Amino acid sequence: MKLIDFKLEISKLVRNYSEKTISRGNLDEILSSFCHELTLICKKCKVKKTSKKWKSAIWWTKSLEAERSRIRALRRRFQACTESAERVRRRIFFKKEFTKYKRSILHAKTNSFKRFLEKLVNKNNLGLVKNVIKFSNIELRIEKIKLASGDYLENYGECRDFIIKSHFPLVSMADDFVINYDDNGTYPEFTVNEVERCIGKMKRGKAPGEDGFSLEIIEEIFYADKDWFVEIFNYCLRFGYFPKIWKEARIVLIPKANKDLTVFESYRPICLLAIWGKILDKLITHRLVDHLETNNLLNERQYGFRENLGTISALKAVNNFISTTKNEKQVICMISLDIKNAFNSIKWADLINLLQKYNTPSKLVKIFDSFLKERSVILNNGDRWNYNIGVPQGSSCGPILWLLVAKEELDMFLEQENFLVQAFADDFVILLKASASYRFTEMSKEIMLKFESWATKYNLVFSENKSKHIMFKVKKTITHFPGIYLYGKRISYTNELKYLGIVFDPNQSFMIHLDRIQEKIVRLNEKLRRITRATWGLRPEMVKEIYLSILERIILYGVEIWYRDRVKMNAKLLQIQRYPLLSITKAYRTTSNEALQILSGCVPIDLKAQMIVEMDSNIRGVAL
């Protein structure tokens, strides 16, 4: 792209539109016209490809390019010199600088590889798939979809549209209610610094919405006239209006792992939304989070989507309850409840009612109401499909609005000594303790009825197949299994319950968890061995970086929860570590663990686990 011409054209465009008067009636028209002209500018300033050019390596930078020019100049200087003493001096200087240049190239390659591995760790599969779809026009093919009648759709377009319409239904609803909106109330408007911080925190390289404008293009608009850019958002806040052009979403269907792909529920719909609209979405979400957290409106047993209340905090709460109960010589029952399609099932009216219930500022309530209404997704042929239920997956406010729904359920249970109910996003877990396991049948009745009534009220459905329970024994082996009922059907019992990535077992030894981790590491290591062999493939340094950045993090995830300094567990950890160490060192399989650790320069993983647990205990004051 002709960057200078693009910046000049953007400045002219923003200058022209900053002189226009904006009202509630013409906001959509002005934004649509602006986006249309912006598209023309992007096409105009796009560099035409006259011939195929070699693409630069991903690790190549402008500083390396400048350094290469300098090194070439030094080489020409010493080669052009005729005086012998001066030529030798210049040659020596060139060789020294050339050595530094080669080291900087190696350093750039290593850093580039590290950044790539960080992306693999920090991004989930959805982010990676979205990038693949954005950069290469790869379409996830859908072979056929089974209908309720038993027939099949086999046309790709029909299958895709059926999945989208099923996930984003248009259902008959009661008449819209009127929001009690106080026009005289004062509410602070967005500031330039607030918007700039919001843009700065957004991740680069994300897939754009239907308009095709990336974050970098939106940033150019912001820097062309910060005041006008922020004023657009403030108009939206004053009018309590979220522009229609930002409420259209293109859908990417991500197939779920190990699922029947002929069922529409086996596909996860991800909404690709306009970046400009995402900024406003993030701004109002930050305001809502500030309101909820400042006034302590969220339940303390709510984890996920909250600062310093992530998976480890939720797992610690569960682990502490189990450990305390075991010390009391009582039996524990842990029930895990799974909600079907939680985010796409909530009624918009319920969300607005909850916002008003918790005294959310009127202007925020009104703009959230506008954000939820008149939303549409784009079908295969380009038509728009309107829906009126659920929160778009991909929006910033969706998880926060869900917290309000989950709070309603958690508030039904006051803190009691004999049970604990907590939630991480849409995953609920119930912990019961009693002197005998048969008591759990009666204890769970009222709790499960409350969950059922809450789900019915908010148009939610629990998955009977995915909801399970497990019991933790004290000394004796459990022989009596209580009846835990959901929708009148008994929930199945399991000997290994996976919660937030950690596998719990009746003995709470976590050896089954390590078995599952070992299976995963073996699979990944076998894939790694395809590109690294004894005499060819990736260099040991690269394989080591893969181990430290990815494999070791997988092994040590949640180590604060499951680690016990016992011989059996330490031996298991060293056994798991042995697989990647063999790939790093390319040594014989009979080589001892100690030799592999020395040759690879990797710390024994049992010692690393001990170090992490001790640091967590000392710094955070949490003891297992």
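Here the structure is a predicted model, which means the values were calculated and not measured.

### Thoughts on the domain arrangement of the chain
At step 1: Split into domains, the chain comes out as domain 1 (60-106), domain 2 (312-342 + 400-501) and domain 3 (511-620).
At step 2: The distance between the C-alpha centroids of domain 1 and domain 3 comes to 42 Å.

### Some thoughts on the UniProt feature "domain: Reverse transcriptase" (unreviewed entry) in the chain
At step 1: Here, the residues flagged by UniProt with the feature "domain: Reverse transcriptase" (unreviewed entry) are residues 235-486.
At step 2: Note that residues 235-486 is 38% helix and 21% strand, and that its end C-alpha atoms are spaced 48 Å apart.

### Quick look at the environment of glycine 240
At step 1: Looking at where glycine 240 falls in the secondary structure, it is placed in the loop between helix H9 (226-239) and strand E3 (248-255).
At step 2: Excluding anything up to four places from it in sequence, glycine 240 contacts Lys366, Ile367 and Ser370.

### What about the nonpolar core?
At step 1: One finds Trp276 and Trp402 to be the most contacted residues of the largest nonpolar core, which totals 118 residues.
At step 2: Ignoring anything within four residues of it in the chain, the contact list for tryptophan 276 reads Leu31, Phe34, Cys35, Ile218, Ile221, Trp228, Phe229, Phe233 and Trp246.
At step 3: Judged by nonpolar contacts, the second largest core, of 52 residues, contains Leu420, Phe472, Trp562 and Leu596.

### Examining the side chain of glutamate 408
At step 1: Along the polypeptide, glutamate 408 turns up in helix H14 (residues 397-410).
At step 2: Look past the residues within four positions of glutamate 408 in its chain and what remains in contact with it is Leu354, Lys357, Tyr358, Trp454 and Tyr458.

### Overview of the pairing of E3
At step 1: Bridging between E3 and strand E7 (residues 375-378) involves three bridges; their strand directions are parallel. Bridge pairing in E7 links alanine 249 to valine 377.
At step 2: Alignment of E3 against strand E4 (residues 267-272), held across six bridges, turns out to be antiparallel. Paired with arginine 250 across the bridge in E4 is leucine 272.

### Overview of the packing of aromatic side chains
At step 1: On inspection of all chains with the given rule, the structure shows 32 aromatic pairs.
At step 2: A centroid spacing of 5.7 Å and a plane angle of 70° characterise the contact between tryptophan 59 and tryptophan 60, whose relative ring orientation is edge-to-face.
At step 3: Each ring, one from tyrosine 235 and one from phenylalanine 239, has its centre 5.7 Å from the other, and the planes form 20°; the classification is stacked. Taken together, the residues span about one helical turn, with tyrosine 235 and phenylalanine 239 both in helix H9 at a distance of four residues.
At step 4: On the accessibility criterion, phenylalanine 239 (21% relative accessible area) is partly exposed.

### Here we look at the pairing of strand E10 (residues 427-434)
At step 1: Across the eight residues that make up E10, a large majority, seven, are buried.
At step 2: With six bridges connecting them, strand E9 (residues 419-424) and E10 associate as antiparallel partners. Its bridge partner lying in E10, leucine 420 is registered against leucine 431.
At step 3: Remark: two residues form the turn of the hairpin made by E9 and E10, two consecutive strands paired antiparallel; alanine 425 in that turn has positive phi of roughly 55°.

### With respect to the sheet that holds strand E6 (residues 331-338)
At step 1: Taking strand neighbours across the sheet as the criterion, the six strands line up as E5-E9-E10-E6-E11-E14 in an open arrangement whose pairing is mixed. Two strands in the sheet have a free side with no partner beyond their single neighbour: strand E5 (302-303) and strand E14 (492-493).
At step 2: Across five bridges, the pairing between E6 and strand E11 (residues 468-472) is antiparallel. Bridge assignment links cysteine 333 to a residue of E11, and that residue is methionine 471.

### Notes on the pattern of salt bridges
Any two side chains of opposite charge can pair if their charged atoms end up close together.
At step 1: If you walk through the whole model with that rule in mind, you get 29 salt bridges.
At step 2: When the shortest N-O distance is used, the salt bridge between glutamate 9 and lysine 44 registers 3.2 Å. Of this pair, glutamate 9 sits in helix H1 (residues 3-18) while lysine 44 sits in helix H2 (residues 27-45); the two residues are 35 residues apart in sequence, bridging distant segments of the chain.
At step 3: Judged by relative accessible area, lysine 44 falls into the exposed class, the value being 56%.
At step 4: Lysine 357 is paired through a salt bridge with glutamate 408; the nearest N and O atoms lie 2.8 Å apart. On the criterion of sequence distance, the pair formed by lysine 357 in helix H12 (residues 348-357) and glutamate 408 in helix H14 is long-range, its members being 51 residues apart.

### A word on the environment of arginine 301
At step 1: Here arginine 301 lies in the loop between helix H10 (275-294) and E5.
At step 2: Taking C-alpha positions, arginine 301 is 32 Å from glycine 240, a pair spaced 61 residues apart along the chain.
At step 3: Other than its neighbours up to four places away in sequence, arginine 301 contacts Leu410, Phe413, Glu415, Leu420, Val421, Gln422 and Ala423.
At step 4: There is a polar contact of 3.3 Å between the side chain of arginine 301 and the backbone oxygen of leucine 410.

### A look at the packing of helix H16 (residues 511-529) against helix H17 (residues 540-556)
At step 1: Relative orientation of the contacting elements H16 and H17 amounts to 160°, with a least axis distance of 11 Å. The angle between the axes of H16 and H17 places the two elements in the roughly antiparallel class. As H16 packs across H17, the resulting crossing turns out to be right-handed. Touching Ile517, Lys520, Ile521, Leu524 and Leu528 of H16 are Val543, Ile546, Leu551, Ile554 and Ile555, all from H17.
At step 2: Of the residues assigned to the contact of H16 with H17, the class counts are nine nonpolar, no polar and one charged.

### Description of a positive patch on the surface
At step 1: Side chains of Lys498, Lys520, Arg523, Lys527 and Arg530 sit close together on the surface and give a patch of like positive charge.
At step 2: Of all the elements, H16 adds the most residues to the positive patch, at three residues.
At step 3: Secondary-structure assignment places lysine 498 in strand E15 (residues 497-499).

### Brief notes about the environment of isoleucine 41
At step 1: Within the element layout of this structure, isoleucine 41 appears in helix H2.
At step 2: Distance in space between the C-alpha atoms of isoleucine 41 and leucine 574 is 59 Å, their sequence separation being 533 residues.

### Notes on a nonpolar patch on the surface
At step 1: Together, Met611, Met615 and Ile619 give the surface a local cluster of nonpolar side chains, amounting to about 320 Å² of exposed area.
At step 2: Position of isoleucine 619 among the secondary structure elements: in helix H21 (residues 605-619).

### So, the state of the cysteines
At step 1: In the structure shown here, the tally under the stated rule is zero disulfides.
At step 2: No disulfide involves cysteine 236; its sulfur sits 12 Å from that of cysteine 35, the nearest cysteine.
At step 3: Judged by relative accessible area, which is 0%, cysteine 236 ranks as buried.
At step 4: Between cysteine 271, a free cysteine, and cysteine 397, which holds the nearest cysteine sulfur, the sulfur-to-sulfur gap is 11 Å.
At step 5: Its relative accessible area of 1% is what places cysteine 271 among the buried residues.

### Concerning the packing of H10 against H14
At step 1: Close contact between H10 and H14 brings their axes to 9 Å; oriented N to C, the two are set at 30°. Accordingly, the angle class assigned to the pair H10 and H14 is roughly parallel. The crossing of H10 and H14 is left-handed. In contact with Asp281, Thr285, Leu288, Val289 and Leu292 of H10, H14 contributes Cys397, Ile400, Leu401 and Leu404.

Here is what the cut-offs are and how they apply
- Residues numbered from 1 in each chain as written.
- Predicted model: local features only at pLDDT ≥ 70, side-chain atom pairs only at ≥ 80, totals over all residues.
- Heavy atoms only, no water.
- Domains from an automatic or database assignment.
- UniProt positions renumbered as here; feature names shortened; annotations may be inferred.
- Helix = DSSP H or I, 4+ residues; strand = E, 2+ residues; numbered from the N terminus.
- Contact = heavy atoms within 4.5 Å.
- Core = buried A, V, L, I, M, F, W, Y, C linked by side-chain atoms within 4.5 Å.
- Buried < 20%, exposed > 50% of the residue type's maximum accessible area, 1.4 Å probe, protein only.
- Pairing = 2+ DSSP bridges.
- Phe/Tyr/Trp six-rings, centres within 6.5 Å; stacked < 30°, edge-to-face > 60°.
- Salt bridge = Lys/Arg side-chain N within 4 Å of Asp/Glu carboxyl O.
- Polar contact = N/O pair within 3.5 Å; in protein donor to acceptor, adjacent residues only side chain to side chain.
- Axes fitted to C-alpha atoms, helices over the stretch in contact; angles between N-to-C directions.
- Parallel < 35°, antiparallel > 145°, perpendicular 65-115°, else oblique.
- Left-handed = near helix turned anticlockwise from the far one by under 90°.
- Nonpolar A, V, L, I, M, F, W, Y, C, P; charged D, E, K, R; others polar.
- Patch = residues over 30% accessible without salt bridge, like charges linked within 9 Å, V, L, I, M, F, W, Y side chains within 5 Å.
- Areas by Shrake-Rupley, 256 points an atom, 1.4 Å probe, with all protein chains shown as cover.
- Lys, Arg positive; Asp, Glu negative; His and termini not counted.
- Charge placed at Lys NZ, Arg CZ, Asp CG, Glu CD.
- Disulfide = S-S within 2.5 Å.

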